[in-house]
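Observations on the three-dimensional arrangement
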Amino acid sequence: MTYRAVTKVFSAASSQDGDGVDLRRAFPGTDLMELDPFLLLDHLGPTALGPGEARGFPPHPHRGFETVTYLLDGEMQHRDSWGNHGTIRPGDVQWMTAGSGLVHSELPGETLIRDGGTLHGFQLWVNLPKKDKMTSPRYQDTPSARIPVVHNPEATVTAKVISGETMGGKGVIDTRIPILFLHLTLEPGSRFEQAIPKTSNAFAYVIEGMGQFDKTEAREHQMVLFDRGGDGVQIANSGACRLSLLLLAGEPIGQPVARYGPFVMNSKEELVQAVDDYEEGRMGVLA
Ligand code: MN
């Protein structure tokens, strides 16, 4: 395997969104607006919350892409304008295709609000090709128990396979375009390699620890962008503690991106239509 080199390493910017949720926004930001097909990556927390302190994302719309929520700790409940609702717990993934549009809320679970606790997770936005932007909304609520966890023979590398394939594990979530989404943990001194098609864009986000990506080192809360000059990536734990990271790769869509807040379309006209449809209640209403 030939390995991709790293083109850029940068730290996710501390920010807040929703009703006061502390997060680190890896992108979009000054270092990276988007990485086709990926539009956004937020690292929520980890935030220690006292009773009554938990915050979330009150009702807001989406159209034209997918939101992927992966929770490591805490509890989130979602409701939408088409009557869907559910709860996401540690290790669970919600892969939501917003498609033609909905209004939803993403709020802390009742236990987390009442008793406090830790909120820790991720939200990733994945773009949809033009032909799928107005598809019907769809949820793939995937409990932790359905997400394969695989190891290398030495059991020093563990992968939670959210989508795509590695080390004999295959994700159960359907994606519109090929997406690899792994949560990897590497024990000190261990290494991992993953084949990635040369046509895909790829990046890693370090949750904790210190890693060497090809020849470049990165630490917690840093984004690592890979070039396309190889047919795989090589990652080693170069620190004294466990390395935990997300590894993502996807086939670029290669179409114009027009974005305005929670709407991501191909043209300004389609954004104007999205705002109008939302304001006129055509994405439903969440009381
Ligand atoms: Mn949302």
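In this report, the structure presented in the accompanying data block is examined. Predicted model, so just to flag it, every value in this text is computed and none were measured.

For the rest of this paragraph, the subject is the packing of aromatic side chains. As enumerated under the stated definition, the model contains seven aromatic pairs in all. Consider the rings of Phe122 and Tyr205, whose centres lie 5.9 Å apart with planes at 75 degrees: the pair is edge-to-face. Highlighted residues: Phe122 in strand S11 (residues 117-127) and Tyr205 in strand S19 (residues 201-208), separated in sequence by 83 residues. Looking at Tyr205, the relative accessible area reads 0%, which means it is buried.

With that out of the way, let us pick up the sheet that holds strand S6 (residues 65-73). Across the sheet, seven strands lie side by side as S2-S3-S4-S11-S6-S9-S12; this open sheet has antiparallel pairing. Strands with a single pairing partner mark the edges of an open sheet, and in this sheet they are strand S2 (13-17) and strand S12 (138-142). Between one strand axis and the next, the sheet turns by 20 degrees as a mean value, whatever way the strands run.

Turning to the pattern of salt bridges, a few remarks are in order. For the coordinates displayed, the defined rule picks out 14 salt bridges. Of the charged contacts, one joins Arg242 and Glu187 as a salt bridge, the two residues approaching to 3.0 Å between their closest N and O atoms. Of the two residues, Arg242 sits in the loop between strand S23 (232-237) and strand S24 (243-250) while Glu187 sits in the loop between strand S17 (179-186) and strand S18 (191-195), which places them 55 residues apart along the sequence. Residue Glu187 is classed as partly exposed on the basis of its relative accessible area of 27%. Members of the salt-bridge network, linked through shared partners, are Arg63, Asp276, Asp277 and Arg282.

This brings us to the pairing of strand S9 (residues 93-97). Of all five residues that make up S9, five are buried, and the element is covered over most of its length. Of the two faces of S9, the one lined by Val93, Trp95 and Thr97 and the one lined by Gln94 and Met96 are each fully buried. In the sheet, S9 pairs with S12 via five bridges, with the strands oriented antiparallel. Bridge assignment links Thr97 to a residue of S12, and that residue is Arg138.

Definitions and cut-offs
Per chain, residues are indexed from 1 in the order of the written sequence. The predicted nature of this model means local features are confined to residues of pLDDT at least 70 and side-chain atom pairs, given and counted, to a pLDDT of 80 or more, with totals for whole chains, interfaces and linings taken over all residues. Where side-chain values are given, they derive from all heavy atoms of the structure, hydrogens and water being excluded. In this scheme Phe, Tyr and Trp rings, the latter by its six-membered ring, pair at centre separations within 6.5 Å, and the angle between planes marks the pair as stacked below 30 degrees, edge-to-face above 60, and tilted otherwise. Each helix is a run of DSSP H or I of at least 4 residues and each strand a run of E of at least 2, with the numbering of both proceeding from the N terminus. For every residue, the accessible area (1.4 Å probe, protein chains only) is compared with the maximum for its type, and the residue is labelled buried under 20%, exposed over 50%, or partly exposed between those bounds. Here, strands pair whenever DSSP counts at least two bridges between them. All axes here are fitted lines through C-alpha atoms, helices being fitted over the stretch that makes contact, and every angle between N-to-C directions spans 0 to 180 degrees. For this document, the term salt bridge refers to a Lys or Arg side-chain nitrogen within 4 Å of an Asp or Glu carboxyl oxygen.

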